[in-house]
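As a plain string of letters, each chain reads:
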Amino acid sequence: ENQKKLSAKALGLGYLEENMLEEAEVQFKILIELAPEEPSGYTNLGIVYLRMGNYADSEKNLLKAK
């Protein structure tokens, strides 16, 4: 379980760094599913949506990260 969270986070960040936004989105959604209490999943998903120009979903996820 913990390994899955770390893997999803690491993959998501790697994809985000490479600007592979769809792939990053999938990984951060997995992270949120595995660890809904962890703000980094929402924060990073918000960044993905921001880069996609999806401002409504970006804001929604960034507010959940508080």
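Above this text is the structure in question.
Reading the values: the criteria
- Counting restarts for each chain: residues are numbered from 1 in the order of the written sequence.
- Note on the predicted model: pLDDT of at least 70 is required for a residue's local features to be given, and 80 or more for side-chain atom pairs to be given and counted; whole-chain, interface and lining totals, by contrast, use all residues.
- Side-chain descriptors were evaluated using all non-hydrogen atoms of the structure, hydrogens and water having been removed beforehand.
- Runs of H or I in DSSP of at least four residues are treated as helices and runs of E of at least two as strands, each being numbered from the N terminus.
- Exposure is judged per residue with a 1.4 Å probe applied to protein chains only, and the accessible area is read against the type maximum: over 50% gives exposed, under 20% gives buried, and values in between give partly exposed.
- Here, two residues are considered to be in contact whenever any of their heavy atoms come within 4.5 Å of each other.
- Note on areas: Shrake-Rupley, 1.4 Å probe, and residue coverage restricted to the protein chains presented here.
- Positive charges are assigned to Lys and Arg, negative charges to Asp and Glu, while His and the chain termini are left out of the count.
- Charged side chains are reduced to one point each, which is NZ for Lys, CZ for Arg, CG for Asp and CD for Glu.

**Q** What's the story with the overall build of the protein chain in this structure? I'm lost.
**A** For the protein chain, the count of helices and strands is four helices and zero strands. If one aligns the C-alpha atoms of the protein chain with their principal axes, the spans along those axes are about 30 × 25 × 15 Å. Considering the protein chain as a whole, with its 66 residues, one finds that 35% of them fall into the buried category. A sequence separation of at least 24 residues applies to 34% of the contacts in the protein chain between residues at least 6 apart. Total accessible area on the protein chain is roughly 4200 Å²; 54% of this is exposed by carbon and sulfur atoms. When the 8 positive and 11 negative side-chain charges of the protein chain are each reduced to one mean point, those points stand 5 Å apart.

**Q** Explain the environment of Glu22 to me, please; I cannot follow it from the model alone.
**A** Its location among the elements puts Glu22 in helix 2 (residues 21–34). It is 22 Å that separates the C-alpha atoms of Glu22 and Gln3, two residues lying 19 residues apart in sequence.

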